[in-house]
Amino acid sequence: MEQKSIPDFIVFDDDVINNLICEKIIQTTIPGAIVQTFTEPERGLEYILATYADDNSNNAILFLDINMPSLNGWEVLDKLDEFPDVVKGHIKIFMLSSSVDPLDTEKARDNPLVSGYIMKSLSQVKLRAVFPDCINPAVRPTVAIP
Amino acid sequence: MDGSDERSPGMTEGIDGQDNLHALINNTSDLIWSVDRNYKLISSNTAFDEMVMHMTGKPIAKGSDVLSDGFTTGQLARFRKSYARAFSGETFKVTEYTAVPEELWSELSFYPIRNGDKVVGTACYAHDITDFKKSQNELIVAHNKLVFHLENTTLGFIEWDDQLHVKSWSKKAEEIFGWTELEFIDLQKSAYSQVYKEDLPWVSKIAHQLANGEIERRSVRHRNYTKDGRVIWCEWFNSVLKDKNGKVMTIMSQVRDITKQKKAEEKIITASHLYAFISQVNQCITHAENEETVIKDACRVAVEFGKFKEAWIGMMGYMDEGCPHSLCEANGAQGQVIQTGNCYVCNDIENDALLLDWKPFVSERGWRSCIILPVKKSGTVGTFNIISSAVNFFQPEEVALLKEAAGDISFSLSVFEKDKHRMLMEDKAVQSGLRLKQAQSIAHVGSWELNFSTGIAEWSEEMCRIYGLDSYENVQSYDAWLSFIHPEDLEYVMKVSKEGERTFSNSSFYHRIIRKNGVIRHILSQAQVEFNKESSAVGLTGVAHDITEMKETEKALAQSEANLLQIMDLMPQSIFVKDYNGKVVFANKSFASLYGLSTKQMINRTLTEIMPVKSEAEYLLHQDRDVILSGEATTTPEFSFTDYGGNKHLFHTLKVPFTVVGTNEKAVLGLSNDITEQKLAETERTRMVADIVRRNKDLEQFSYIVSHNVRAPVANINGITEILQMSGLDKNDRERWIGELASSVKKLDEVIMDLNHILKVTHTESDKKETVKFSELLNDIKLGFNNLILNNGVEIVSDFSAVDEMLTLRSYLYSIFFNLVSNSIKYRRPGIKPVVEITSARLDDKIQLIFKDNGLGMDLKKRGGQVFGLYKRFHWHVEGKGMGLYMVKTQVESLGGKIGISSEVNKGTEFRIEFEMA
């Protein structure tokens, strides 16, 4: 699969400030990275389905918040699961939440679509822990919890 | 003939003709002769000669006198007269009758014989008409008889045509049926119209067969109607007349009224049934072994032989199997019979005021008449009820016969009664002698007889044994007896016995004796004075009862009972015995103190009388009876009881069936434990546990809030701080991030304020409750939302007619109304006029409030569990913190209520709140 070296970044969170922070952190850490943020996960899902349906599409990293009003993070995962494998093959998902509830981390660990659980907020250190894996898929990510 | 006779003297035609004529004249049996004016025979034929010979015994010769001897005077006179008529020239006929020597009728013809114009004699001709005359007479007689019969017969004659219409209808028929012939024909009545309706089916069949000639005659008996509407029994003899072609011309009916005969027959049958019944009753009585058999058989026989519809004997306090329950009660007619001892006859049950109870059986079981007879044993004790299916059945003769039967039954019952007594008495007498001895020894009773004249008493075997003597030492003096008396009792005994001797009164006294071997016995002595025929006292008889064992047992028993009572009175549990009527038979101190009474005062009181709360008393009585009737113990884990002071107690009670000592009386023994304190502690504990669980849940919820909602702005602050620390941020960028930092800090502050608010709700329960009117509350809220309502064209409809107020915390209820109304407006459906309906309802002892809107609604399948969660939001496009419904739920629950939701996307949402009524 021919790949660009830098994946796209997508953020689903109803918290506007968090989205701004993510954008800023990603762009400073990985210059040139494309960041798409969505406060409404429904729109975000439409975007993913439209953008990553092709074999030649770029890979993407999705930072997914859990607590959102219309669709929560887990529901977003259910919808994503129904997407074609081609789409799913391009997307790597990390939960990005402020919850310290062990139930949430367990749930994330048990979901095969989820690659990791990142405690808010996103920082350059945490992002770097995710990023190398995007260049070299053979290495599984290590989740850093500050 | 007369011509030939007239012509004969002058006949000259020839020998042959002459001879023939003579032969003819002489061979006829008719008499022919002629006489001259002097009564002399001129000529005669043989038959005449023979007749005269026969009549007179002498031959007559020509020329001799025809009026000769041998005829009777009457005959002679009649002949002379007839001859004289003939001599006067008259031709005529007379009929002559003679009975002697035999009945003989003849017709005599006289023809005068003329010589010129002078009559010279007469020719006579006699013809025997006896046979003719006889048959004519018979005919007349027969005719007269027939007419007589027709006029006097009981038979009516009716002629029908083949269409069964009347052709003729005799007088008698008119008498029988009332209709005249004309009436009947005019009315065009058919033969069927006067046939009784129950008989019509088979009668019409026969009439039809007669009319079409299938049968030629048939006699039948059936009932007919008369003109005046009576029903009579008729016997019909019907026969058919056919023409020569076999076609039916007429049906002849002869009919007679057999009603009386029929009635008489029925009467005979009834009478025979009654006699059969009575004779059977007598047989039963003779063979019956006991009362029950008599009663049972009498009823059976009444139906079987008396042909009655039903019969039963109802005895006071005795229920016969065949007797319908309601009829056994001694009221109405039966009550009257029992009270008066006279029989009651009803010939029309349907219209009898005293037998209203029986009315249903008229149609149900075909009851029409009845007789209720008293059954006596010693006094009237029951009724013999006999039912007939015929109206007016019980006429004086029947009543008399049945009275006799009832009398027989009563007699036999009395006999059984007396018999029973007699046997009992005999039995007693035989046994008593034997028993006396036995009884004395069993009961430790000795007897003695003292003769005043000797001063010596004779003691019974048992008496000797009681006093520790041998049976041969059975003769004792008064002094000897006194020597056995215990010294402490001696004075008393002497006083009592002296008193008895002086007054001749019977005495009974208790004392002790000391046997020769020093053993003390307790004795109850009784003495009775005996008198002779002259009423002077001759002696004393007495009994001595050794009650030592009894005394000792009594003492031990009294001691043990006292112990037991003391123990029971010391017990904190209530112990009681009550009888079936709730009357207290035994009560311990704890039990009595519940009623503010002493244990003695409790005895014979009923709980319904002394318990302050009647419903509790009734419940207890009911339970006691259940235990007594079922014979099974029962445990009531908790029973709320109000004592005499109005204090509530909770009791744990065990009740067991119990028989009161010394009686057969069924009662209930109960043991009650006052568990009020224990229960209170338990309730408190349960409440506390529930409270702890609830608080724990709250804490969990808080930890989540902390984990997420407090952390969210903190995380943002973290992130922004990291960004602010990056190099290469320009001034604008920096300021923008500082602005974001400030808003995150503000958000954190808001969350902390919210938590403070929530904590206030969950922990300030001490606010004063007040009566809050829903309508006023809603008005306040409407004012608060005034702008929002106006801008969005919101319609708020309310109906608090069912219930408009409740005792509650105003601030909470306000917050509940506020949040729900606010939610309904906030989550309205774009393009639809928002309508909020608020109604109240009363459900049993609950107040229900319903908030209904036509807004966005939500998918409860997806979010049902989270609707009332803190910081749970379902619509991203509308501003909200997810706190309102959490607050509503918290406040509803802290007011002791419940909240429920139903919602559908794009239809609307309905919240139902239920509060317990204060």
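Residues numbered from 1 in each chain as written. Chains lettered and ligands numbered in written order. Predicted model: local features only at pLDDT ≥ 70, side-chain atom pairs only at ≥ 80, totals over all residues.

When helices and strands are counted, chain A shows six helices and five strands. Starting at the N terminus and walking to the C terminus, you meet the elements of chain A as β-α-β-α-β-α-α-β-α-β-α. Here chain A holds 146 residues, and the buried ones make up 42% of them. Partitioning the intrachain contacts of chain A with sequence separation of at least 6 by distance along the chain shows that 69% fall at a separation of at least 24. (Helix = DSSP H or I, 4+ residues; strand = E, 2+ residues; numbered from the N terminus. Buried ≥ 20, exposed ≤ 12 C-beta atoms within 10 Å, placed from the backbone. Contact = placed C-beta atoms within 7 Å.)

Within chain B, the regular secondary structure consists of 29 helices and 32 strands. Here chain B, with 918 residues, has 25% of them falling under the buried criterion. Nonlocal contacts in chain B, meaning residues at least 24 apart in sequence, comprise 49% of its contacts between residues at least 6 apart.

In this section: the interface of chain B and chain A. Listed as interface residues are 20 residues of chain B and, on the opposing side, 23 residues of chain A. Breaking the side of chain B that touches chain A down by element, the ones donating at least two residues are α23 (676-724) and α24 (731-763) of chain B. Ranked by the residues each element gives to the side of chain B that touches chain A, the list is headed by α23(B), at twelve residues. Split into classes, the residues belonging to the side of chain B that touches chain A amount to eight nonpolar, eight polar and four charged. (Nonpolar A, V, L, I, M, F, W, Y, C, P; charged D, E, K, R; others polar.)

Turning to the sheet that holds strand β3 (residues 60-64) of chain A, a few remarks are in order. Residues and elements named next belong to chain A. Sheet architecture is open: five strands sit in the order β2-β1-β3-β4-β5, paired in parallel fashion. Both outer strands of the open sheet, β2 (35-38) and β5 (114-119), are each paired with one neighbouring strand and no more. When strand polarity is set aside, the average angle formed by the axes of neighbouring strands in this sheet is 20 degrees. With five bridges connecting them, strand β4 (residues 91-97) and β5 associate as parallel partners. Across the sheet, residue I93 finds its bridge partner in β5, namely V114. (Pairing = 2+ DSSP bridges. Axes fitted to C-alpha atoms, helices over the stretch in contact; angles between N-to-C directions.)

Take the sheet that holds strand β9 (residues 231-242) of chain B next. Residue and element names in this part refer to chain B. Here five strands make up an open sheet; going across it, the order is β7-β6-β10-β9-β8 and the pairing antiparallel. At either margin of the open sheet sits one strand with a lone partner, and together these are β7 (166-169) and β8 (217-225). Taking each pair of neighbouring strands and ignoring which way they run, the sheet shows an average axis angle of 25 degrees. Across five bridges, strand β6 (residues 156-160) lies against strand β10 (residues 248-257) in antiparallel orientation. Along β10, the bridge assignment pairs W160 with I251. Sitting on the sheet, helix α8 (residues 200-211) is in contact with β8, β9 and β10, with an inclination near 140 degrees to β8.

Attention now goes to the pairing of strand β23 (residues 634-642) of chain B. All names here are of chain B. In terms of strand pairing, β23 meets strand β24 (residues 648-659) through seven bridges, oriented antiparallel. Across the sheet, T642 pairs through a bridge with K648, a residue of β24. A loop of five residues connects β23 with β24, the two strands running antiparallel in sequence, and G646 in this loop sits at a positive phi of about 85 degrees.

Membership of the largest hydrophobic core comes to 40 residues, with the highest contact counts inside it found for L62(A), F63(A), L64(A), F94(A), M95(A) and L122(A). Mapped by element, the contributors of at least two residues to this core are β1 (8-12), α1 (16-29), β3, α3 (73-81), β4, β5 and α6 (124-135) of chain A together with α23 of chain B. In contact with L64(A), not counting residues within four places along its chain, are F12(A), G73(A), V76(A), I93(A), F94(A), M95(A) and L96(A). The next biggest cluster of nonpolar side chains, apart from the first, holds 39 residues, and it includes F308(B), I313(B), A333(B) and I386(B). (Core = buried A, V, L, I, M, F, W, Y, C linked by C-beta atoms within 7 Å.)

Residues and elements named next belong to chain B. Remark: helix α9 (residues 259-287) packs on helix α10 (residues 291-304), axes separated minimally by 9 Å, with the N-to-C direction vectors making an angle of 160 degrees. Accordingly, the angle class assigned to the pair α9 and α10 is roughly antiparallel. Along this stretch, α9 crosses α10, giving a crossing that reads as right-handed. Across from F277, Q280, V281, C284 and I285 in α9, the residues of α10 making contact are V294, D297, A298, V301 and A302. Along the lines of polarity and charge, the residues of the contact of α9 with α10 split into eight nonpolar, one polar and one charged. (Parallel < 35°, antiparallel > 145°, perpendicular 65-115°, else oblique. Left-handed = near helix turned anticlockwise from the far one by under 90°.)

This part is about the packing of helix α25 (residues 774-784) of chain B against helix α27 (residues 810-826) of chain B. Residue and element names in this part refer to chain B. Two elements in contact, α25 and α27, have axes whose closest approach is 10 Å; the angle formed by their N-to-C orientations is 55 degrees. Relative to α27, the element α25 is oriented oblique. The handedness of the crossing between α25 and α27 comes out as right-handed. Contact residues: α25 offers L777, L778 and I781, while α27 offers L813, Y814, F817, F818 and V821. Among the residues forming the contact of α25 with α27, the class breakdown is eight nonpolar, no polar and no charged.

Topologically, G719(B) is positioned in helix α23. Spatially, the C-alpha atoms of G719(B) and L741(B) are 9.2 Å apart, while their sequence positions differ by 22 residues. Beyond its immediate stretch of four places on either side in the chain, G719(B) contacts I21(A), S121(A) and L122(A).

This part is about helix α22 (residues 614-630) of chain B. Residue and element names in this part refer to chain B. Spanning 17 residues, α22 covers 24 Å between terminal C-alpha atoms, matching the ideal 24 Å at 1.5 Å per step. Every buried residue of α22 is listed here: L620, D624, V627 and I628. Buried residues in α22, looked at end-on, bunch into an arc of 95 degrees, giving them a common side. In α22, those exposed residues whose orientation departs by more than 90 degrees from the buried face are K614, S615, H622, L629 and S630. Structurally, α22 contributes buried residues whose contacts are with β21 (574-579), α21 (607-610), β23, β24 and β25 (666-674). (Expected span 1.5 Å × (residues − 1). Arc of directions from axis to C-beta.)

All names here are of chain B. Within the element layout of this structure, H652 appears in strand β24. Each C-alpha atom of the pair H652 and Q573 lies 9.8 Å from the other, and the pair is 79 residues apart in sequence. Residue contacts for H652: discarding those within four places in its chain leaves P637, E638, N673 and I675.

Let us look at the confidence of the model for chain B. All names here are of chain B. Across chain B, the average pLDDT comes to 82, with 90% of residues at 70 or higher. Segment residues 1-13 is flagged for pLDDT under 50; beyond a separation of four residues in sequence, or across chains, it makes 13 contacts in the model. As scored by the predictor, the complex reaches a pTM of 0.37 and an ipTM of 0.83. (pLDDT = per-residue confidence, 0-100.)

Let's shift gears to the confidence of the model for chain A. Considering every residue of chain A, the mean pLDDT works out to 84; 86% of them sit at 70 or more. Per-residue pLDDT stays below 50 along residues 134-146 of chain A; that stretch engages in 21 contacts with residues further than four places along the chain or on separate chains.

Moving on: unusual backbone geometry. Geometrically, the link from K120(A) to S121(A) is a cis peptide bond, its omega value of -5 degrees lying close to zero. Positionally, S121(A) belongs in the loop between β5 and α6. Its identity is not glycine, yet Y39(B) carries a phi of approximately 65 degrees, on the positive side. Judged by C-beta crowding, with 18 C-beta atoms within 10 Å, Y39(B) ranks as partly exposed. If you check the backbone angles, L164(B) has positive phi at about 65 degrees while not being a glycine. Topologically, L164(B) is positioned in the loop between β6 and β7. In this structure L164(B) comes out as partly exposed when scored by C-beta crowding, with 16 C-beta atoms within 10 Å.

Now for the environment of T91(B). Residue and element names in this part refer to chain B. Relative to the helices and strands, T91 is located in the loop between α4 (73-87) and β3 (92-98). Expressed as a C-alpha distance, the spacing of T91 and T122, which sit 31 residues apart in the sequence, is 9.3 Å. With sequence-adjacent residues up to four places away left out, T91 is seen in contact with F110, Y111 and P112.

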